[in-house]
Structures are given as C-alpha cells and as structure tokens.
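Topology and contacts: notes
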Amino acid sequence: MTEIIEAIKRASIEIKSIIEEGDTSKSDNQNSTGDTQLKLDIASDIVIENEFKKISSVKQIVSEEQENIVDINKDGKYLIAYDPLDGSSLVDVNLSVGSIYGIYENDFTGTNIIASVYVVFGPRVEMVIADGKSVKMYRLQKGEFNYIQDIKLNEKGKLKAPGSTQACWLPHHKEMVDKFFKDGYRLRYSGGMVPDLHQILLKGGGLFSYPSTTDLPKGKLRQLFEVFPFAFTYESAGGQAIDGFKRVLEIPTTHIHDTSPCFFGSNEEINIVKEAYKHNV
Ligand code: AHM
Ligand code: MG
C-alpha cells in the first residue's frame, strides 16, 4: 500500500504542473460516459497509469477516462479505480479540482474497497487518505506531503451542497433541500465534488447530494471512481454515504462505468435524507 501512496504523491506533483501550465481546451475524444475529454484529463490519466504500471502489488487499474480495465500484474493484490482530474472543466475558471482513487481487493465492488485517497488541487495541494478507521490529511509543502491533521465529522454540520439540475429534481428532493435552507444551512457548491466534499469534511459536516433526477434517474456520479471512494472516506470519518435509502457501498456494480445517486454527510443530515426518501422508492 505504501508504494501506491508514493505513486499517487509523484503523480500529483506532475498533475499540479499539468493544471498550472497545460492546455485547457477540448480533445477530439469522448470518454465512456460520453463526456468530451479535455487535454488535461488525458494528460493526467497518462501520468497516473505510468506510475501504477511500475508497482508490483497492483493487479489491475481502471480509469474514468478509459473504456476498459487494464491488467498490470497477475500476481498483484490491489485493484485501483481512479478519476484522474475530476471537475477538469473548472480549471479554465481557476476553481479547485481533484483526483480520486479507490483501492479494492478481489474485484471492483463497493464491499471490497479497502482504502481511498483524494487529492485537492486548490490554492494548496492536499491529499486525504482513508483506511476504514481514520482519515488523514497531508499538504504539499516544498515538494513533500506533510501530515497536517486527522479529519473527523461532527454529528451535524451547517453546509449544504446540492448537485444536479434543479429543474429536474423530484418533488420530495426539492422539499428536503428547501427545508435544509429554511433550517439555516448555507449553500456551498462549486461544481467540483472533490473541493465540495473536502469543505464539508473540514468544516465539521453538512450534506452533499447528487440525487436521482428526471433527466438522470441513476445520478451522474460514477460508482467506482467517485461515489465509492468518497463513501469510504465519509464512513471512515464517522459520517455516512447513501443512495437515499441504503449504504452506497452495498450497491452492486454491474458495469465499471455505472453511476448512482448519492448523498454524503454527517449522521444527522443523512438521517434526514432517509426520512425524506423512505416513502419515495
Ligand atoms: P466530471 O467527472 O466530468 O468532472 O464530473 C463530475 C463533477 C463533480 O465533480 C461535480 O460534483 C459534478 O460533476 C457537478 O455536476 P452538476 O454540474 O451537474 O451539478
Ligand atoms: Mg469525475
């Protein structure tokens, strides 16, 4: 595992330069979800793949930017799913973005995730590692990732990050979001899930949602690359991650690019979601 973390650190230092100096225009390619890839997505993906290819304990990798699983070492132990540069379309307006990694054993399913890592590229570069028991944050300072703090969610927070197209929200979802704001929650939504979820974690709690909508009944965010790694991080920090009804980590994955509605938060907010959703299967 240590060598995987070291590879992520090296890749992140290179991705930082790609973000700072790279070309933010579109490429001619689309990824499996049908999004047009930016040149930044492709460059970051290559950096990460090249790092993981050097590691003997890695069995397979799969990227949000690639169609298929890539075999690395047949005797390797770990499977890694990653989103090289989530929120990459925000780079041209100089908002924060991030990389997300889920580390799995045996197969790419939510129940088999054993660690998660994300890296936020903002005014500072921070890496957050969850191992099921704790969540630890490191900051890039003079070329090194230094330990800064453990992250633990409070039982209740103050922030609300409501994703997706509001015109496509289901009535019970809209009612629930309105109620949060009536109860004093403050809006914090940048359109980058890494900084948005990082903010909720560091400010003690709240709720991030990307629900089922009339245009995207299965949500937008991808299970292996986005939903499961952050679910693992939130659970490790003492919070919860659900699809409206049950733990997202218990959702079966039928295809590597499957998406799922998702809610990440501290316990009080997630219990409110369960209550709002229970009669709306
Ligand atoms: P991407 O992987 O194509 O960058 O998309 C993922 C991003 C998330 O970071 C963010 O939470 C979400 O898309 C925003 O979507 P929306 O604008 O529909 O709320
Ligand atoms: Mg993404």
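Within each chain, residues carry numbers counting from 1 in the order of the written sequence. Written order determines the labels here, with chains lettered from A and ligands numbered from 1. Note on the predicted model: pLDDT of at least 70 is required for a residue's local features to be given, and 80 or more for side-chain atom pairs to be given and counted; whole-chain, interface and lining totals, by contrast, use all residues. Where side-chain values are given, they derive from all heavy atoms of the structure, hydrogens and water being excluded.

**Some words on the overall build of the protein chain**
Looking only at helices and strands, the protein chain has six helices and 15 strands in total. Here the protein chain has a C-alpha radius of gyration of 18 Å; the compact-globule value for 281 residues is 19 Å, and the two agree. Projected onto its principal axes, the C-alpha coordinates of the protein chain cover approximately 50 × 40 × 35 Å. Residues count as neighbours in contact if any of their non-hydrogen atoms are within 4.5 Å of one another. Considering only contacts in the protein chain between residues 6 or more positions apart, those separated by 24 or more positions represent 60%. Secondary structure counts use DSSP, requiring at least four H or I residues in a row for a helix and at least two E residues in a row for a strand, with both numbered from the N terminus. C-alpha atoms define the radius of gyration, and 2.2 Å times the number of residues to the power 0.38 defines the globule rule.

**Some details on the site of ligand 1**
To be near a molecule or strand, a residue needs just one of its heavy atoms within 4 Å of it. Looking at ligand 1, there are 17 residues lining it, with Asp-86, Gly-87, Tyr-189, Met-193 and Tyr-210 nearest. In the environment of ligand 1, an oxygen atom lies 3.0 Å from a nitrogen or oxygen atom belonging to the side chain of Glu-64. We define a polar contact as two N or O atoms separated by no more than 3.5 Å, with the added condition that, inside protein, one atom must be a possible hydrogen donor and the other a possible acceptor, whereas residues neighbouring each other in sequence contribute only through side-chain atom pairs. Tyr-189 places a side-chain nitrogen or oxygen 2.5 Å from an oxygen atom of ligand 1. Per-residue and other accessible areas were derived by the Shrake-Rupley procedure at a 1.4 Å probe size, with only the shown protein chains allowed to occlude residues. Notes on ligand 1: free accessible area 480 Å², of which the protein chains cover 80%. When residues are sorted by character, Ala, Val, Leu, Ile, Met, Phe, Trp, Tyr, Cys and Pro go into the nonpolar class, Asp, Glu, Lys and Arg into the charged class, and all the rest, Gly among them, into the polar class. Of the residues belonging to the shell around ligand 1, the class tally is five nonpolar, five polar and seven charged. Note that the domain bounds reflect an automated or database-derived domain assignment. When we break the shell around ligand 1 down by domain, the ones giving at least three residues each are domain 1 (2-150) and domain 2 (159-277).

**Here's the deal with the coordination of the magnesium ion (ligand 2)**
Shown as donors are all N, O and S atoms within 2.8 Å of a metal ion, widened to 3.2 Å for Na, K and Ca; because water is not in the atom set, sites may appear incomplete. Protein-derived ligands of the magnesium ion (ligand 2) are Asp-83 (OD), Asp-86 (OD) and Glu-226 (OE), with the metal-ligand distances lying across 1.9 to 2.1 Å. In terms of primary sequence, the donors binding the magnesium ion (ligand 2) are separated according to D-x2-D-x139-E. Note that Asp-86 is positioned in strand E5 (residues 78-86) and Glu-226 in helix H5 (residues 223-236), a separation of 140 residues in sequence. In terms of burial, Asp-86 and Glu-226 fall into one category: buried. Exposure categories follow from relative accessible area, calculated using a 1.4 Å probe and restricted to protein chains: below 20% of the type maximum is buried, above 50% is exposed, and the middle band is partly exposed.

**Here we look at the sheet that holds strand E9 (residues 135-141)**
To summarise the sheet geometry, strands pair through backbone hydrogen bonds and adopt either a parallel or an antiparallel arrangement. Judged by pairing direction, the sheet is mixed, and its eight strands sit side by side in the order E4-E3-E5-E6-E7-E8-E9-E10 without closing on themselves. Edge strands, defined here as strands with exactly one partner in the open sheet, are strand E4 (70-71) and strand E10 (144-150). Any two strands are treated as partners once DSSP identifies two or more bridges connecting them. Across eight bridges, strand E6 (residues 97-105) lies against strand E7 (residues 113-121) in antiparallel orientation. Residue pairing in the sheet places Ile-103 in a bridge with Ala-115 of E7. Lines are fitted to the C-alpha atoms to define the axes, a helix being fitted only along its stretch in contact, and any angle between axes, read from their N-to-C directions, falls within 0 to 180 degrees. Contacts from helix H2 (residues 39-52) reach strand E3 (58-63), E4, E5 and E6, with the element oriented near 155° to E5.

**Describing the domain arrangement of the protein chain**
Taken domain by domain, the protein chain comprises domain 1 (2-150) and domain 2 (159-277). For domain 1 and domain 2, the distance between their C-alpha centroids amounts to 21 Å. Counting residues at the interface gives 44 residues for domain 1 and 25 residues for domain 2. The term buried area means the drop in 1.4 Å probe accessible area that two parts suffer when joined, counted for both and summed. Per-residue buried area on domain 1 facing domain 2 is highest for Glu-64, Ile-100 and Tyr-118; these three make up 21% of the total on that side. The term salt bridge refers to a pairing of a side-chain nitrogen on Lys or Arg with a carboxyl oxygen on Asp or Glu at a separation within 4 Å. For the pair domain 1 and domain 2, the interface holds one salt bridge. Where Glu-64 meets Arg-222, a salt bridge forms, and the shortest distance between an N and an O atom there is 3.6 Å. Seen at the junction of domain 1 and domain 2, the total is eight residue pairs in polar contact (both at pLDDT 80 or more).

**Quick look at the side chain of Glu-65**
Inspection of the secondary structure assignment puts Glu-65 in the loop between E3 and E4. Two residue types count as positive, namely Lys and Arg, and two as negative, namely Asp and Glu; His and chain ends fall outside the count. Of the side chains with opposite charge, Arg-222 lies nearest to the buried Glu-65, which makes no salt bridge, at 6.6 Å. Once residues lying within four places of it in the same chain are set aside, the contact partners of Glu-65 are Asn-31, Gln-37, Asp-41, Asp-45, Asp-83 and Pro-84.

**Things to note about the pairing of E6**
Where burial is concerned, most of E6 is hidden: eight out of the nine residues are buried. Bridge count between E5 and E6: seven bridges; the pairing is antiparallel. Bridge assignment links Asp-86 to a residue of E6, and that residue is Gly-98.

**Comments concerning the state of the cysteines**
By convention in this document, the label disulfide applies to cysteine sulfur atom pairs within 2.5 Å. One pass over the structure, following the stated rule, counts zero disulfides. With no disulfide of its own, Cys-168 lies closest to Cys-262 among cysteine sulfurs, the gap being 16 Å. For Cys-262, a relative accessible area of 0% puts it in the buried group.

**Let's talk about the sheet that holds strand E13 (residues 206-210)**
Judged by pairing direction, the sheet is mixed, and its five strands sit side by side in the order E12-E11-E13-E15-E14 without closing on themselves. Strands at the two margins of the open sheet, each flanked by one partner only, are strand E12 (186-187) and strand E14 (240-242). Across two bridges, the pairing between strand E11 (residues 159-162) and E12 is parallel. Across the sheet, the residue bridging to Lys-160 is Leu-187, located in E12. Running at roughly 155° to E11, helix H3 (residues 171-182) makes contact with E11, E12, E13 and strand E15 (262-265) of the sheet. Strands in contact with H5 are E14 and E15; relative to E15, the strand with the most contacts, it is inclined by about 25°.

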